[in-house]
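Fold and geometry: a report
Given next are the chains, with one letter for each unit.
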Amino acid sequence: MLNLVARNRVIMLVLVMAVACLALGFAAPGYLSAATASVILSNSLVLLLISLGTMLVILTRNIDVSSGSILGLSAATLGLSLNAGVSLPLAIALCILTGIVAGAVNGLLVAYLRIPSIVATLGTLGLYRGIMLIQTGGRWIEGLPQDLKALAGSIGFGVSVLTVTVLALFVLAWIFLRRTRFGRYFYAVGDNRDAAHHLGVPVRRVQFTAFVASGACAAIAGLIFAAQIGFIPNQAGNGVELKAIAVNVLGGVSLLGGSGSVAGVFTAAIFLTSIDSALVFLKIPAFWNDFIAGAILLIVLLLDGRIRLLIDRRIRARRYAVHARSPQGGADKTAEKTLLAEASR
């Protein structure tokens, strides 16, 4: 049973989410509807993209805590460009380019200058936030054109162009990580960096690519953020990086690298967003959101930790049992008894 839970993390998470949604459906009539599902999916787009980029970095046994600042910087670049009269396609290109450059700086610091990722991205977190504030003068960017806001509008069945884009990016990420050799290098680098290097894996290029991809995801998240709310506050993206790390842990991505799936991240992000939406239906004040989400996450992590510990004990016990039954194991046991007898004399 424990092995089943550990091997089917995504399925178990889906089952937990389904049970929670059914319970909420009984407690709050109207929660179980297509409209609610559409709202949850739409509200989760920013978190989905930040979590996806963070996952790519974590797979290589690194961490990126600057993705929220990259989101804010990219969104500010987009808003300032549009208000300066730049066309929407060019402004979007500048927004994404900003994220790629910011991610490349992170990748350069970590992969080539050998600065620990937590130190490097903590530094760039403040740097990018400072650049954003200098750009905007500390003011909110308002008066964004209607063309940008229209991107968040429904094109049918309650989904927008942005929703389709995010889903397509998740499919591409799954194909990249599972079906391409370079994608599998991410797991190899995170699992054992030295062994991967000896096998010819371009470790530094993989790490650099992960940070660039994370920056690009954060930039697209900034675009979605601006399109959905119609303005850009000077604290845009603040704190979302921590929530993205929580999503990765909840989705089964190992913080030690080399393990995790796109499906797990997707499910966990939807799960956390659905909790926020459920609190609205239950008419619980918004300031309870972080407390309840944190408590649920903590419970899940504690259960997950206990399950992993029990599985490790079982695996270790089986290994010892096989070793004890083997002839070599018997010889070792005899030798051990002899040594103990000699020592007792």
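Scroll up a little and you will see the structure.
Read on for a plain summary of the structure. (Residues numbered from 1 in each chain as written. Predicted model: local features only at pLDDT ≥ 70, side-chain atom pairs only at ≥ 80, totals over all residues. Heavy atoms only, no water.)

1. A short note on the nonpolar core
It is characteristic of soluble globular proteins that their nonpolar side chains tend to be buried jointly. Note the threshold: The definition of a nonpolar core used throughout is a set of buried Ala, Val, Leu, Ile, Met, Phe, Trp, Tyr and Cys residues joined through side-chain atoms within 4.5 Å. Throughout this description, buried means an accessible area under 20% of the type-specific maximum (1.4 Å probe, protein chains only), exposed means over 50%, and partly exposed covers the range between. For the purposes of this entry, the term helix denotes a DSSP run of H or I that reaches at least four residues, the term strand denotes a run of E that reaches at least two, and both are numbered from the N terminus. Residue contacts are defined here by distance: any two heavy atoms, one from each residue, within 4.5 Å place the two residues in contact.
With 87 residues, the main nonpolar core has Leu-78 and Leu-148 as its most contacted residues. If you tally residues by element for this core, the top one is helix H12 (residues 203–229), at 14 residues. Setting aside its immediate chain neighbours within four residues, Leu-78 contacts Ala-91, Ile-92, Cys-95, Leu-148, Leu-223 and Ala-226.

2. A word on helix H13 (residues 240–250)
The periodicity of an α-helix, 3.6 residues per turn, causes residues three or four positions apart to be oriented the same way. With 9 of 11 residues buried, H13 is to be regarded as a mostly interior element. By the burial criterion, the buried members of H13 are Val-240, Glu-241, Ala-244, Ile-245, Ala-246, Val-247, Asn-248, Val-249 and Leu-250. Where H13 ends, the next residue or the one after it, Gly-252, has phi of about 95°, a positive value.

3. Structural notes on the packing of helix H4 (residues 45–59) against helix H14 (residues 262–281)
Definition in use: Axis geometry follows a simple rule: fit a line to the C-alpha atoms, using only the stretch in contact for helices, then measure angles between N-to-C directions, giving values from 0 to 180 degrees. Left-handed describes a crossing in which the near helix is turned anticlockwise from the far one by less than a right angle; the clockwise case is right-handed. In this classification, the charged set is Asp, Glu, Lys and Arg, the nonpolar set is Ala, Val, Leu, Ile, Met, Phe, Trp, Tyr, Cys and Pro, and all remaining amino acids, among them Gly, are polar.
The contact between H4 and H14 brings their axes to 10 Å, and the two run at 145°. Note that H4 runs across H14; the crossing there is right-handed. Between H4, through Leu-47, Leu-48, Ser-51, Leu-52 and Met-55, and H14, the contact on the second element is made entirely by Val-262, Val-265, Phe-266, Ala-269, Ile-270 and Thr-273. Taken together, the residues of the contact of H4 with H14 sort by class into 9 nonpolar, 2 polar and no charged.

4. Overview of the packing of aromatic side chains
Keep this limit in mind: Any two rings among Phe, Tyr and Trp, with Trp reduced to its six-membered ring, count as a pair given centres within 6.5 Å; such a pair is stacked if its planes are under 30 degrees apart, edge-to-face if over 60, and tilted if neither.
For the structure on display, the rule yields 7 aromatic pairs. Ring geometry for Phe-170 versus Phe-266: centroids 5.4 Å apart, planes at 75°, classification edge-to-face. Here the residue Phe-170 occupies a position in helix H9 (residues 161–179), and Phe-266 occupies one in helix H14, the gap between them amounting to 96 residues. Among the residues examined, Phe-170 registers a relative accessible area of 5% and is labelled buried.

5. Remarks on the side chain of Thr-77
Along the chain, Thr-77 falls in helix H5 (residues 67–83). By relative accessible area, Thr-77 is classed as buried at 11%. In contact with Thr-77, not counting residues within four places along its chain, are Leu-94, Thr-98 and Gln-135.

Nothing here speaks to function; it is all geometry.
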